[in-house]
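What follows is each chain in one-letter form.
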Amino acid sequence: MRSQVEACWLPEALEQKLRPLIRGCTPIIKRYERDGDYMDVVFRRLSPEALAYAASFLRDQRNRVLREKSVYEIARALNLAAEKWLDPMYPPRRRAIEHISLITGFSTEMVAHSIDLEQRSSRYEHLVQALVNELGSPDYLDGFQPNANLCGMSQAIGPDLVGAIFSSNIPALPHLEIMRALLVKSSCLGRVSAGEPIFLRLYAETLHEIDPDLASCIVVTYWNHEELDCEKAFLESIDYLVAYGSEAQTERLASVKPPELRASWHGHKVGFTYILREALEEERVGELAQRVAYDFSIFDGYACLCPQVCFVETGGKLSPQAFAEECARWMSDWAVALPPRRLSVSEASRKYQLRELYFARESMNDPVSVIAAPDDFSFTVIIEEANRLDSSPGDRFLKIVPVNGVADAERLLRPLRPYLQCAALAGDAYRISSLSHTLASSGVTRIVPPGLMGTPSMMWHHDGMACLGKMIKWCDYELLPPEKALKVDAQQYVKTIDFAGFLKEKERKTYALGQ
């Protein structure tokens, strides 16, 4: 029997204050079993009263800790955490890989790869550049700063308390919302997902090793979905909500949250690959197929970033059939490098039935061809002339749909426009440029070459949103009336601003306020 593993994180000072509350913090033990092994995970459920108390505690910590820290100091602490998690020998990383693999079924290789992908984009340069991308300068979070566009000064203020409903489909992803909250100097109170409850606790412990004060601005708790009293207390205690989940879950949360509570939603999304005929050249097809196969293998097809379908134009030097066969060879190689997740009996049965369905359709001369479907269920590659697009079943299911041109793909994608997210494009640069404009207008929020779908940067406007910027409220200090502001040299004027007195002593007579 494995020892119990903790899923939640409460700062010690908060735990001490919650102890007098009757049933303020109740353990919930969930057992996870796979391949004859099992693990007991202890979740900490905070009562509605305790959630309100935790929120008050986190607000105090925000004022005591985060307001006093430079945003660069916070970014450096997050960078140190990323560096620790990128070390293959770091003990929490090794535990996380083992435990997450057992709970989710992902191979240990895939979990380790996922941790690497997430932590590489969690380092200092990425964090600072994300703030530059969305705010113009991280300095605005540290107080009033000269703003030449305003001919005055501006300050960016994050919420006191960000609430998060964390995701579970990508190992090591949930820390993203903790980082975003801390970067805008907000405390974070979140509900961990039972689908992957391991990483957040270990990540919070890493932050505690590096900066205990910073870690004291985080609480990770849990409640069952039916415990609506806890959910209500949570929603009423926070200043900003970030929620991951199914379309039904995000719509329900939107209907029950307080009307004034601002929120970012990350629900069901659809990605796809589009290969233009110009890319189908024999000398380049191997590398292209390798990249496409990687996109369909990463996270075993269960992340919103994973493609659902691969459109391949006809009329190229190689046919969609030939490209599918090349992709199948690379899918086999990726199954060795990043082994697929372990399937339960019911999951294996569903995959077997799906495979047999396609074999049957092929035998009945339906417009479908099974290119590869190994007996170990490691992946499936098919070609289908589709009249509509169905959701991918996951588990490395690569469907290639031949199209005569962009118009065919647009027709198939039109019903999915509200859910479009990421598109991988390969082919002629001029046609890609034209197609990119079309896709952006259709709702696609991220365009990449094949091979990069599963590796977004911190600088990406996640699901089309400036996720850091959206949390911010601005305060502008206007030093001149509008008619004056348009006549002065703004760049020179803001250089006169003194952070302590707003204007340097020698310039105060020249730029008296209101003159």
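The rules behind each value
For every chain, the first residue of the written sequence is number 1, and numbering continues from 1 onward in sequence order. This being a predicted model, a pLDDT of at least 70 is required before a residue's local features are given, and a value of 80 or more before pairs of side-chain atoms are given or counted; all residues contribute to the totals for chains, interfaces and linings. Side-chain figures throughout are based on the complete set of non-hydrogen atoms in the structure, without hydrogens or water. Working definition: helices are DSSP H or I runs of at least four residues, strands are E runs of at least two. Numbering for both runs from the N terminus. Think of it in three bands: residues with accessible area under 20% of the maximum for their type are buried, residues over 50% are exposed, and the middle band is partly exposed, with areas taken using a 1.4 Å probe on protein chains only. Accessible surface is estimated by sampling points in the Shrake-Rupley manner with a 1.4 Å probe; for residues, cover comes only from the protein chains shown. In this tally, Lys and Arg are treated as positive and Asp and Glu as negative; His is ignored, and so are the chain termini. Charge coordinates come from a single atom per side chain, which is NZ of Lys, CZ of Arg, CG of Asp or CD of Glu. Any carboxyl oxygen of Asp or Glu within 4 Å of a side-chain nitrogen of Lys or Arg constitutes a salt bridge here. Contacts are assigned to residue pairs with any non-hydrogen atoms lying within 4.5 Å of each other. In this analysis, rings of Phe, Tyr and Trp, with Trp reduced to its six-membered ring, are considered paired at centre separations within 6.5 Å, and the interplanar angle assigns stacked below 30 degrees, edge-to-face beyond 60, and tilted for intermediate values. Any two strands are treated as partners once DSSP identifies two or more bridges connecting them. Helix axes are fitted only over the stretch in contact, all axes being lines through C-alpha atoms; the angle between N-to-C directions runs from 0 to 180 degrees. For classification, angles of less than 35 degrees are called roughly parallel, those exceeding 145 degrees roughly antiparallel, those between 65 and 115 degrees roughly perpendicular, and all remaining angles oblique. Gly falls in the polar group here, along with every residue not listed as nonpolar (Ala, Val, Leu, Ile, Met, Phe, Trp, Tyr, Cys, Pro) or charged (Asp, Glu, Lys, Arg). The pLDDT score gives, residue by residue, the confidence of the prediction method on a 0 to 100 scale. Note on terminology: a nonpolar core comprises buried Ala, Val, Leu, Ile, Met, Phe, Trp, Tyr and Cys residues joined through side-chain atoms within 4.5 Å. Given a helix with a known number of residues, its expected span is that number minus one, times 1.5 Å.

(A) Molecular detail of the overall build of the protein. The helix and strand tally for the protein stands at 19 helices and 18 strands. Seen through its principal axes, the protein has C-alpha atoms that stretch 85 × 65 × 45 Å. For the protein, with 515 residues in total, the buried portion stands at 56%. For the protein, the accessible area works out to roughly 22300 Å², and carbon and sulfur atoms hold 50% of it. Positive and negative charge centroids in the protein, built from 58 and 69 side chains respectively, lie 4 Å apart.

(B) Representation of the side chain of R191. By secondary structure assignment, the location of R191 is in strand 7 (residues 187-191). Although R191 lies buried, it forms no salt bridge, and the closest oppositely charged side chain, E231, sits 7.1 Å away as judged by the N-O distance. Residues within four places of R191 in sequence aside, it is in contact with A164, I165, F166, T221, Y222, W223 and H225.

(C) Inspection of the packing of aromatic side chains at higher detail. Under the definition given, this model contains 11 aromatic pairs. Where Y274 meets F311, the ring centres are 6.1 Å apart and the plane angle is 45°; that geometry is what we call tilted. Taken together, the residues span a long stretch of sequence, with Y274 in strand 11 (residues 270-275) and F311 in strand 12 (residues 307-313) at a distance of 37 residues. This pair shows no difference in class: Y274 is buried, exactly as F311 is.

(D) Just the sheet that holds strand 2 (residues 25-34), in detail. Strand order in the open sheet formed by three strands is 1-3-2, with mixed pairing between adjacent strands. Strand pairing shows two members of the sheet lacking a second neighbour, strand 1 (5-6) and strand 2, which therefore form its edges. Sheet topology note: the strand 1/strand 3 (residues 37-46) ladder contains two bridges and is parallel. For E6, the partnering residue across the bridge sits in strand 3 and is V42.

(E) Region of interest: the packing of helix 3 (residues 71-85) against helix 7 (residues 175-183). One can describe the packing of helix 3 onto helix 7 by two numbers: an axis separation of 9 Å at closest approach and a directional angle of 160°. Classified by the angle their axes make, helix 3 and helix 7 are roughly antiparallel. Between helix 3 and helix 7, the contacting residues are V71, I74, A75 and L78 on the first element and M179, L182 and L183 on the second. Its residues placed into classes, the contact of helix 3 with helix 7 shows seven nonpolar, no polar and no charged.

(F) Examining the side chain of D395 more closely. Inspection of the secondary structure puts D395 in the loop between strand 14 (380-384) and strand 15 (397-403). Given the relative accessible area of 9%, D395 is considered buried. Once you skip the residues sitting within four places of it in the chain, D395 turns out to touch D300, Y302, R341, L343, K351, S378 and F379.

(G) Representation of the pattern of salt bridges in the model. For the structure on display, the rule yields 33 salt bridges. With its nearest N and O atoms 2.7 Å apart, the salt bridge here joins E236 to K232. Linking E236 with K232, this pair stays in helix 10 (residues 228-237), spanning four residues, or about one helical turn. E384 is the salt-bridge partner of R361, the closest N and O atoms lying 2.9 Å from each other. With R361 in helix 14 (residues 345-363) and E384 in strand 14, this pair connects stretches of sequence that are 23 residues apart. For E384, a relative accessible area of 9% corresponds to the buried category. Through salt bridges with shared partners, one network takes in R59, R62, D160 and D239.

(H) Seen up close, the confidence of the model for the protein. Chain-level statistics for the protein give a pLDDT mean of 92 and a share of 96% at 70 or above. Every residue in residues 505-515 scores below 50 in pLDDT, and together they form 16 contacts with partners more than four places removed in sequence or on other chains.

(I) Main features of the nonpolar core. Core analysis: the biggest nonpolar cluster contains 108 residues, and L182, I275 and F323 have the highest contact counts within it. Of all the elements, helix 3 adds the most residues to this core, at eight residues. Setting aside anything within four residues of it in sequence, one finds L182 in contact with L66, I74, L78, L207, L214, C217 and I218. By size, the runner-up hydrophobic cluster in this structure holds 25 residues, among which are A55, L58, I165 and L253.

(J) How the structure looks around helix 12 (residues 282-297). Taking 1.5 Å per residue, 16 residues should reach 22 Å; helix 12 reaches 23 Å between its end C-alpha atoms and fits that length. Taken residue by residue, helix 12 has V285, G286, L288, A289, V292, A293, Y294, D295, F296 and S297 as its buried positions. Where helix 12 is buried, its residues meet helix 5 (108-120), strand 11, strand 12, helix 13 (320-337), strand 15 and strand 16 (420-426). Within two residues after helix 12, F299 carries a phi angle of roughly 55°, on the positive side.

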